[in-house]
Amino acid sequence: MRNVLFTAALVASLGLIADVRQPAAQFGQLQSGQPQFGQPPFGQPQFDPAQPAPQARAPTRVQTADKVGKTKPAARKVGKAHRKQHVVRAPPNQRKIAEKSGYKRVSDLVNFPKFFPSLGVLFVKPETLPLGPFLCFDRKDRLVATVYMVPTRDIDDHKLLEAPGFAGAALDHVSIYFNPGHPGVDVPHYHFVIWHVTRKQEARVAK
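Below or above, wherever it landed, is the structure these notes cover.

The rules we used
- Residues numbered from 1 in each chain as written.
- Predicted model: local features only at pLDDT ≥ 70, side-chain atom pairs only at ≥ 80, totals over all residues.
- Heavy atoms only, no water.
- Helix = DSSP H or I, 4+ residues; strand = E, 2+ residues; numbered from the N terminus.
- Buried < 20%, exposed > 50% of the residue type's maximum accessible area, 1.4 Å probe, protein only.
- Contact = heavy atoms within 4.5 Å.
- Areas by Shrake-Rupley, 256 points an atom, 1.4 Å probe, with all protein chains shown as cover.
- 1 Å grid on protein atoms, 1.4 Å probe; cavity = no way out; pocket = protein on both sides within 12 Å on 5 of 7 lines; lining within 4 Å.
- Points joined across faces, edges and corners; volume = space filled by probe spheres on them.
- Nonpolar A, V, L, I, M, F, W, Y, C, P; charged D, E, K, R; others polar.
- Phe/Tyr/Trp six-rings, centres within 6.5 Å; stacked < 30°, edge-to-face > 60°.
- Lys NZ or Arg CZ within 6 Å of the ring centre and 35° of its normal.
- Salt bridge = Lys/Arg side-chain N within 4 Å of Asp/Glu carboxyl O.
- Pairing = 2+ DSSP bridges.
- Lys, Arg positive; Asp, Glu negative; His and termini not counted.
- Core = buried A, V, L, I, M, F, W, Y, C linked by side-chain atoms within 4.5 Å.

A tally of regular secondary structure across the chain gives five helices and six strands. Listing each helix as α and each strand as β along the chain from the N terminus yields α-α-α-β-α-β-β-β-α-β-β. Counting over 207 residues, the chain shows a buried share of 22%. Sequence-distant contacts, at least 24 apart, represent 50% of the contacts inside the chain between residues at least 6 apart. A total accessible area of about 16,600 Å² is found for the chain, and carbon and sulfur atoms account for 58% of it.

Approximately 180 Å³ is the volume found for the largest pocket. Every residue lining the largest pocket is listed: Pro91, Pro92, Asn93, Gln94, Lys140, Asp141, Arg142 and Leu143. Residue composition of the lining of the largest pocket, by class: three nonpolar, two polar and three charged.

Next up on the list: the packing of aromatic side chains. Summed over the entire model, instances satisfying the criterion amount to three aromatic pairs. Ring centres 5.5 Å apart and planes at 90 degrees place the aromatic pair Phe123 and Phe137 in the edge-to-face group. With Phe123 in strand 2 (residues 121-124) and Phe137 in strand 3 (residues 134-137), the pair connects residues that are 14 residues apart, well separated along the chain. A relative accessible area of 1% places Phe123 in the buried class. Between Phe178 and Tyr190 the ring centres are 5.5 Å apart and the planes differ by 70 degrees, which places this aromatic pair in the edge-to-face class. Of this pair, Phe178 sits in strand 5 (residues 173-179) while Tyr190 sits in strand 6 (residues 189-195), and the two are 12 residues apart along the sequence. Classification of Phe178 by relative accessible area gives partly exposed; the value is 44%. Taking the ring centre of Phe115 as reference, the NZ or CZ of Arg139 above it sits at 3.7 Å.

What follows concerns the pattern of salt bridges. A side chain with one charge can pair with a side chain of the opposite charge if their charged atoms come near. Tallied over the entire structure, the rule returns three salt bridges. Glu99 is the salt-bridge partner of Arg95, the closest N and O atoms lying 3.0 Å from each other. Residue Arg95 and its partner Glu99 are located together in helix 3 (residues 94-100), separated by four residues, close to a single helical turn. The exposure class assigned to Arg95 is buried, which follows from its relative accessible area of 15%.

It is worth spelling out the side chain of Ser107 at this point. Structurally, Ser107 is set in helix 4 (residues 106-109). Ignoring anything within four residues of it in the chain, the contact list for Ser107 reads Phe112, Pro113 and Lys114.

Spatial ordering of the open sheet is given by 1-2-3-4-6-5, a layout of six strands whose pairing is antiparallel. Edge positions in the sheet fall to strand 1 (104-105) and strand 5, since each of these pairs with one other strand and no more. Where strand 2 lies against strand 3, four bridges are found, and the strand directions are antiparallel. Bridge pairing links Leu122 to Cys136 in strand 3.

All right, on to the side chain of Asp154 then. Of note, Asp154 is situated in helix 5 (residues 152-156). Buried and without a salt bridge, Asp154 has Lys159 as its closest oppositely charged side chain, separated by 4.1 Å. Apart from residues no more than four positions distant in its own chain, Asp154 is found in contact with Lys159 and Leu161.

Within the secondary structure, Arg139 is located in the loop between strand 3 and strand 4 (143-151). Between the alpha carbons of Arg139 and Val121 there is a distance of 7.4 Å; along the sequence they are 18 residues apart. Each residue touching Arg139, except ones within four places of it in the same chain, is listed here: Phe115 and Lys207.

Bringing the nonpolar core into the picture now. Proteins that are soluble and globular tend to have nonpolar side chains buried together. Counting residues in hydrophobic clusters, the biggest one holds 25 residues, and the most contacted among them are Leu122, Phe134, Leu135, Cys136, Val144, Val147 and Trp195. Of all the secondary-structure elements, those providing two or more residues to this core are strand 2, strand 3, strand 4 and strand 6. Sort the elements by how many residues they give to this core and strand 4 lands first, with five residues. Those residues in contact with Phe134, other than ones at most four positions away along the chain, are Val106, Leu122, Phe123, Val124, Leu129, Ala145, Thr146, Val147, Met149 and Val185.

Rendered as structure tokens:
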């Protein structure tokens, strides 16, 4: 009888030991490989309810290299639009300047052609006759020459002559020739012609 009771107690003890080992084994497996309750799987971010949720960011627009290259010509066009346009002004009318300075048309002073071939339209200050200077213009009021008319007697007498010039005119070449006399300077004299144009441009007053 005593042996039977001992055997029954031994069996009951073994059963208790088996029940305790089974949950312990399950608990060990949860700690080693499987996620526990309330925790995210391995590799996923943990969510902390104490911190505010991250805000969604709008996608940024990346400008490609092609678009960057295309913006340069547009900028150049805008720059060209703002550039100032240079206006080419016509040169001043030298005939009007001469008239304001006291020059008179020779044809209005004496019996002389309004347009004299080889010299053009002549202007002179009356008080400077016969020496001049005479200003010669073409039909478009462009100054082509300045003429000094020197009487031969003054040359024979070795006379010192002085005469004013006309500012604002370049010198290209000079022609000197004899003239027996004409209205305004009716004595023999020499024409000293200072040309402000080239020999080809003398054709402006040829006829």
